[in-house]
Amino acid sequence: MAALRKALHGRFIQPLPFCLGSLRFASTSFKAADLTIERNPTLKPKPDPSKLLFGKQFSDHMLTIYWSEEKGWQAPQIKPFQNLSLHPAASALHYSIELFEGMKAFRGVDNHVRLFRPMLNMERMHRSADRCCLPLFDKGELLECIKKLVEVDQEWVPYSTDASLYIRPTFIGIEPSLGVARAGHALIFVIIGPVGPYFTTGAFNPVSLLADPAYVRACRGGVGAYKMGGNYGPTIAIQNVAVKQGCQQVLWLYGEEEEITEVGTMNLFIYWTTESGEKELLTPPLDGIILPGVTRQSLLDLARQWGEFKVTERKIVMKELIDGLEAGRILEVFGAGTACVVCPVGSLLYRGKTYQIPTMQNGPDLAKRFHKELTDIQYGRTQSEWAPLVV
């Protein structure tokens, strides 16, 4: 049985839907061809790209797509940005039947607007919907609707290669009744807005981490591999614990061996020299605890294309990291995610001791190379199929 459990835990992307009743929704998806557009008669002034914060400003329009068990999917609508009206018993408010995505649009050096590997976000959103027992949808149709929203509000994509347009697809259960059950009413909505650096320290300054095994972000068999709000809200209190101890982010550990999982809301990478003298890029595996990040996958794909060092996805325990630091074998540690792209780590507080991580002293050559490669693609300096044109 132990071997069976291990095998099942290792396959977080399930071959069959969690909610079998959602199977019939896949063939009756909404269609982008049915999209209607209501233009906002009052357009807001665009902010200065150099003064943007993360997630504070939003564009003039939004996308909404309603679903009910009785009528199925309604036609998608782009409408003026506005508040939602929800029944007080809406299932998302009481039972966290909700999920979201995070993606970006970029204005390139050629003035074209691009997305970045958007189908990976659609696939992840589809898996999360299945896990939430929300109705399934056609991933390509939703992507076409999002592209149209970006096109309508294209002037909100900053004219800057230091800023971008953040895209937040959200899917919530709006069943107007209490009781823990599959929602009979649901809503997909997408809001967008211009953003600057995610961290207040700036775009490429190192962050400090608190690693405390007393706190756990997710566990095997849970929903750590899905982008649900319930994975994020409970981390705020621990983030405050980290700040009170002079750290900026949390390095999440798991289990008796203190497995390293994620850093803040990012995937973690360690670039080091192995005991045998080989350069290696390490990141935890997709075993159900961590989110399968789009940036994570992109860094792995790039590193494997280069073929210059070993690339490994495996379990990493805290003792390995500490031993590597004490032996001087750690070269760089950094997080990766849509919001920050690549974020270097400068220090680690663990069991009362602060360990300095030599990421910045080593360039950081690899983190900077990753950052440049990805941003060159995103802003059109390098042509790539990863960055499809919207406008």
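Scroll up for the structure.
Here's a quick rundown of the structure. Because the structure is predicted, anything quoted here is derived from the model rather than measured.

1. A few points about empty space enclosed by the protein
Rolled over the atoms, a probe as big as a water molecule pinpoints where empty space is left. Summed over all chains, the structure comprises two cavities of 30 Å³ or more. Empty space within the largest cavity amounts to approximately 100 Å³. Residue lining of the largest cavity: 13 residues in total, with F106, F116, T295, T338 and Q378 positioned closest to the centre. Secondary-structure elements contributing two or more residues to the lining of the largest cavity are β6 (103–107), α6 (294–306) and α8 (365–378). Here the element with the most residues in the lining of the largest cavity is β6; it accounts for three residues. When the residues that make up the lining of the largest cavity are grouped by side-chain class, the tally is six nonpolar, six polar and one charged. Taken as a whole, the second largest cavity holds about 50 Å³ of empty space. Around the second largest cavity, the lining residues are R220, E259, I260, T261, P284, P285, D287, I289, I290, R314, K315 and I316. Of the residues in the lining of the second largest cavity, the class split is six nonpolar, one polar and five charged.

2. Focus on the packing of helix α3 (residues 118–131) against helix α4 (residues 139–152)
Contact pair α3 / α4: the axes reach a minimum separation of 10 Å and the direction vectors enclose 125 degrees. The angle between α3 and α4 places the two elements in the oblique class. As α3 runs across α4, the sense of the crossing is right-handed. Residue-level inspection shows P118, M119, M122, E123, M125 and H126 of α3 in contact with α4, the latter providing K139, G140, L142, L143 and I146.

3. Quick look at the environment of A237
Mapped onto the elements of the fold, A237 is located in helix α5 (residues 235–244). The class for A237 is partly exposed, based on a relative accessible area of 45%.

4. Some thoughts on the nonpolar core
Formed by 42 residues in total, the largest nonpolar core has its most connected members in L63, L134, F137, L142, I167, F171 and I188. Mapped by element, the contributors of at least two residues to this core are β2 (61–68), β6, β7 (113–115), α3, α4, β8 (164–173) and β9 (185–195). Those residues within four positions of F171 in sequence are excluded, and the remaining contacts are W73, I97, E98, L99, M125, A129, L134, P135, F137, A186, L187 and I188. Of all hydrophobic cores here, the second largest spans 27 residues; its members include L299, W306, F309 and A387.

5. Some words on the packing of aromatic side chains
Across all of its chains, the model carries 13 aromatic pairs by this definition. Taking 5.2 Å as the distance between ring centres and 75 degrees as the angle between the ring planes, the aromatic pair formed by F106 and Y379 counts as edge-to-face. Of this pair, F106 sits in strand β6 while Y379 sits in the segment after α8, placing them 273 residues apart in sequence. What makes F106 buried here is its relative accessible area of 4%. Residue classification places Y379 among the buried positions, given a relative accessible area of 5%. Note on F269 and F334: the rings are 5.7 Å apart at their centroids and 15 degrees apart in plane angle, and the pair reads as stacked.

Quick notes on the rules
- Residues numbered from 1 in each chain as written.
- Predicted model: local features only at pLDDT ≥ 70, side-chain atom pairs only at ≥ 80, totals over all residues.
- Heavy atoms only, no water.
- 1 Å grid on protein atoms, 1.4 Å probe; cavity = no way out; pocket = protein on both sides within 12 Å on 5 of 7 lines; lining within 4 Å.
- Points joined across faces, edges and corners; volume = space filled by probe spheres on them.
- Helix = DSSP H or I, 4+ residues; strand = E, 2+ residues; numbered from the N terminus.
- Nonpolar A, V, L, I, M, F, W, Y, C, P; charged D, E, K, R; others polar.
- Axes fitted to C-alpha atoms, helices over the stretch in contact; angles between N-to-C directions.
- Parallel < 35°, antiparallel > 145°, perpendicular 65-115°, else oblique.
- Left-handed = near helix turned anticlockwise from the far one by under 90°.
- Contact = heavy atoms within 4.5 Å.
- Buried < 20%, exposed > 50% of the residue type's maximum accessible area, 1.4 Å probe, protein only.
- Core = buried A, V, L, I, M, F, W, Y, C linked by side-chain atoms within 4.5 Å.
- Phe/Tyr/Trp six-rings, centres within 6.5 Å; stacked < 30°, edge-to-face > 60°.

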